[in-house]
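What follows is each chain in one-letter form.
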Amino acid sequence: MNRNRLRRHSPAMANPGDERLLHEAQARYSVAAIVLHWAIAALVLAQLMLASRMGGRTPEAFALMQLHKSIGLTILLLTIVRLGWRLTHRPPPMPPLTRWERILARAVHVAFYILTIALPLTGWLMVSSSRLAVPTRLFGVVPWPHAPGVATLPPAQKAMAFGASQTGHAALAWIAMALVAVHVAGALKHQLLAPGAPVLTRMAPGAKAGRWLEPRLGAVLLGALMLATAAGLASPPFSAHAPASPGVAQYAVRGAAATADVVAFGNAPTPPLARRAPPSTEPLPWTVSDGARLSFATAWSGEPITGRFTRWRAQIHFSPAALDRSKVVVSVDLRSVDTGNVQRDEALRGPDWFDVAARRSATFAATRFESLGEGRYVAHGVLTLRGAERRLSVPFHLRIDGLVAKASGEADVDRTAFTVGQGEFAATDQVPGAVKVTFRLTARAPPA
């Protein structure tokens, strides 16, 4: 069928303008391919900008890393979709290019497919083999598992996997930047200097090759500038504090003064003395009521961090008139640490911090108490954490009203004495050595 016969039988080909539109449609990618191309391009640009800001061991760098992981995995998923689309849909014919230009174009095209898959995979391997066992949640919502089998490797093999993936990820990032430069330079060259080989119109329908003031080219450049600026200024939310509402703590606790040694709350005011029942000459068992709080406070690169433990229990026998026979034992489930940030909490449970896989709990046992007068006491005992035992004295305030007692107190715990914080966090330049642990609670004694 010749062109004249085609025009007679097809209304769409009734005039040259329609024929030109059909030719342009055949010369460009499909709508799905175009959308995937620009979405991946935008995310790659954002990744490069975010990567330049992730240096250091700061809360902001930590938050940016979580965003970087989410974007990287999104690129991986979109690339898989785009590759599937490419394998099932024939691409438009290439514009008239020289032989070396065709070879280079195909090589860059294939390289981008490889990089947008290999970069997220090496990043995933890095996260999975890192000592800081930080979980991945896509944009803080959807859990993403570690690479199968990597997180459970022996330490030596895990370190090797981390080093290899880190080196590979960095090398691939530099290659990606070079390819982006080549790709952009080629597109600009054909758009501005080689109007006979239109390239931009394949991904920006309607663009006119050879037109320097092409609106679509301007829109692409402006969008890239805005995206780079946004990525350069983006400040992902960083939760520095545990949830404010204690709710009903998931602990099985007995006792009032018990929590005094393992918690942190800041300076609690001295409560006024209330009317008291006649002091028992024998230590009484105390049961902590709901709403008690066991907390800690520290900092990360000057940024205050607060947290709490939601599961702990205590066995307490205490009486102001029988201090020599009083005893408090508090056991804290370290797995229940809660700072309001899932990734950070998981890192705290890892081998560099609490190492809950080896020891799930910390224990404070106080067997000696002294009264300082006016409802002020000091509990002297031993804190056991990560297998280390250290003596600890905890000042606290106590007010007893009949069979109800209110207590609050605080103590500074030297985390380095228990090797809490290893590797890059063993030093105290980023996270101080002293961690303030405080408690506040109400307890009840059984009726006589």
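Predicted model only: the values in this text are computed from it and were never measured.

Conventions used here
- Residues numbered from 1 in each chain as written.
- Predicted model: local features only at pLDDT ≥ 70, side-chain atom pairs only at ≥ 80, totals over all residues.
- Heavy atoms only, no water.
- Axes fitted to C-alpha atoms, helices over the stretch in contact; angles between N-to-C directions.
- Helix = DSSP H or I, 4+ residues; strand = E, 2+ residues; numbered from the N terminus.
- Parallel < 35°, antiparallel > 145°, perpendicular 65-115°, else oblique.
- Left-handed = near helix turned anticlockwise from the far one by under 90°.
- Nonpolar A, V, L, I, M, F, W, Y, C, P; charged D, E, K, R; others polar.
- Phe/Tyr/Trp six-rings, centres within 6.5 Å; stacked < 30°, edge-to-face > 60°.
- Buried < 20%, exposed > 50% of the residue type's maximum accessible area, 1.4 Å probe, protein only.
- Salt bridge = Lys/Arg side-chain N within 4 Å of Asp/Glu carboxyl O.
- Patch = residues over 30% accessible without salt bridge, like charges linked within 9 Å, V, L, I, M, F, W, Y side chains within 5 Å.
- Areas by Shrake-Rupley, 256 points an atom, 1.4 Å probe, with all protein chains shown as cover.
- Pairing = 2+ DSSP bridges.
- Contact = heavy atoms within 4.5 Å.
- Core = buried A, V, L, I, M, F, W, Y, C linked by side-chain atoms within 4.5 Å.
- Polar contact = N/O pair within 3.5 Å; in protein donor to acceptor, adjacent residues only side chain to side chain.

**Q** Before we go on, may I ask you to explain the packing of helix H5 (residues 99–129) against helix H6 (residues 155–192) in this structure?
**A** To describe two helices that pack against each other, one gives the angle between their axes and the distance between the axes. Where H5 meets H6, the axes come as close as 8 Å, and the angle between the chain directions of the two elements is 150°. In terms of orientation, H5 lies roughly antiparallel with respect to H6. Crossing geometry of H5 relative to H6 is assigned as left-handed. Considering only residue class, the contact of H5 with H6 consists of 18 nonpolar, nine polar and three charged.

**Q** Looking at this structure, I do not really get the packing of aromatic side chains. What am I missing?
**A** In this description, a pair of aromatic rings is defined by centroid distance and the angle of the planes. Summed over all chains, the structure comprises nine aromatic pairs. The interplanar angle of 45° and the centroid separation of 5.5 Å between the aromatic rings of phenylalanine 296 and phenylalanine 309 together place this pair among those described as tilted. Placement of phenylalanine 296 in strand E5 (residues 293–300) and of phenylalanine 309 in strand E6 (residues 303–309) is noted, with a sequence separation of 13 residues between them. An identical accessibility class is assigned to phenylalanine 296 and phenylalanine 309; each is buried. Between phenylalanine 318 and phenylalanine 369 the ring centres are 5.3 Å apart and the planes differ by 75°, which places this aromatic pair in the edge-to-face class. You can see phenylalanine 318 sitting in strand E7 (residues 312–318) and its partner phenylalanine 369 sitting in strand E10 (residues 361–373), a full 51 residues away along the chain. In this pair, the class of phenylalanine 318 matches that of phenylalanine 369, namely buried. These aromatic residues form a ring-pair network of at least three members: Phe318, Phe369, Tyr377 and Phe396.

**Q** What should I look at first to understand the pattern of salt bridges in this one?
**A** Pairing is possible between side chains that carry opposite charge, provided their charged atoms lie close to one another. According to the stated counting rule, one finds nine salt bridges in the structure shown. The residue glutamate 282 makes a salt bridge to arginine 325 at a minimum N-O spacing of 3.6 Å. Of this pair, glutamate 282 sits in the loop between helix H8 (215–233) and strand E3 (284–285) while arginine 325 sits in the loop between E7 and strand E8 (327–333); the two residues are 43 residues apart in sequence, bridging distant segments of the chain. Judged by relative accessible area, which is 44%, glutamate 282 ranks as partly exposed. For the salt bridge of aspartate 338 with arginine 308, the shortest nitrogen-to-oxygen distance reads 3.6 Å. Remark: arginine 308 occurs in strand E6 and aspartate 338 occurs in strand E9 (residues 337–338); sequence separation between them is 30 residues. The same class applies to aspartate 338 as to arginine 308, namely buried.

**Q** I'm lost on a nonpolar patch on the surface in this one. Help?
**A** Nonpolar side chains collect at one region of the surface, where Trp100, Leu104 and Val182 lie side by side and expose about 310 Å² of accessible area between them. Along the chain, leucine 104 falls in helix H5.

**Q** In this structure, what is going on with the pairing of E10? I would like to understand it.
**A** Along any regular strand, the residues point their side chains to alternate faces of the sheet. Where E8 and E10 come together, six bridges link them in antiparallel fashion. Each bridged residue has a counterpart across the sheet, and for valine 329 the counterpart in E10 is alanine 365. Relative to strand E11 (residues 376–385), E10 runs antiparallel, the two sharing nine bridges. Paired with alanine 366 across the strands is glycine 381, a residue of E11. Counting the residues in the hairpin turn of E10 and E11 gives two residues, including glutamate 374, whose phi is positive at 55°.

**Q** Help me understand the environment of arginine 344, please; the structure alone is not making it clear to me.
**A** Mapped onto the elements, arginine 344 comes out in helix H9 (residues 342–348). Separated by 212 residues in the primary sequence, arginine 344 and leucine 132 place their C-alpha atoms 9.2 Å from one another.

**Q** Would you mind going over the environment of glycine 72 with me for this structure?
**A** Here glycine 72 is to be found in helix H4 (residues 59–88). Residues glycine 72 and threonine 116, 44 residues apart in the sequence, show an inter-C-alpha distance of 8.5 Å.

**Q** Hey, could you run me through the packing of helix H3 (residues 31–51) against H4 in this one?
**A** In contact at an axis separation of 9 Å, H3 and H4 are set at 155° when each is read in the N-to-C sense. Taken together, the axes of H3 and H4 are roughly antiparallel relative to one another. Judged by the twist between their axes, the crossing of H3 over H4 is left-handed. Side by side, H3 and H4 meet where Ala32, Ala33, Leu36, His37, Ala39, Ile40, Leu43, Val44, Gln47, Leu50 and Ala51 of the first sit next to Leu64, Leu67, His68, Ile71, Gly72, Thr74, Ile75, Leu78, Thr79, Val81, Arg82 and Trp85 of the second.

**Q** In this structure, what is going on with unusual backbone geometry? I would like to understand it.
**A** Where the residue is not glycine, phi is negative for most of them; where a peptide bond is considered, it is trans in most cases. The backbone phi angle of aspartate 355 is positive, close to 50°, even though this residue is not glycine. Looking at where aspartate 355 falls in the secondary structure, it is placed in the loop between H9 and E10. Backbone geometry at arginine 386 places phi at a positive 55°, although glycine is not the residue there. Of note, arginine 386 is situated in the loop between E11 and strand E12 (388–401).

**Q** Help me out: how do you make sense of the pairing of E12 in this one?
**A** Summarising the sheet, E11 and E12 pair through 10 bridges and their orientation is antiparallel. Opposite leucine 383, over in E12, you have arginine 390 as the bridge partner. If you look at the hairpin formed by E11 and E12, you'll find two residues sitting between the two strands, and arginine 386 has a positive phi there, around 55°. Relative to strand E13 (residues 404–414), E12 is paired through six bridges, and the arrangement is antiparallel. In the sheet register, leucine 398 faces E13, and the bridge partner there is alanine 407. Between E12 and E13, which follow one another and run antiparallel, lie two residues, and glycine 402 among them has a positive phi close to 65°.

**Q** What is the right way to look at the nonpolar core in this model?
**A** The tendency in soluble globular proteins is for nonpolar side chains to be buried as a group. One finds Phe318 and Phe354 to be the most contacted residues of the largest nonpolar core, which totals 54 residues. At six residues, the largest contribution of residues to this core is made by E12. Ignoring sequence-local partners within four residues, the contact set of phenylalanine 318 consists of Pro283, Leu284, Trp286, Leu323, Ser326, Phe369, Tyr377, Phe396 and Leu398.

**Q** Looking at this structure, how should I read the side chain of histidine 169?
**A** Relative to the helices and strands, histidine 169 is located in helix H6. Reaching out from histidine 169, the side chain makes a polar contact with the backbone nitrogen of glycine 123 at a distance of 3.4 Å. Leaving out residues up to four positions away in the same chain, histidine 169 has contacts with His68, Leu119, Thr122, Gly123 and Met126.

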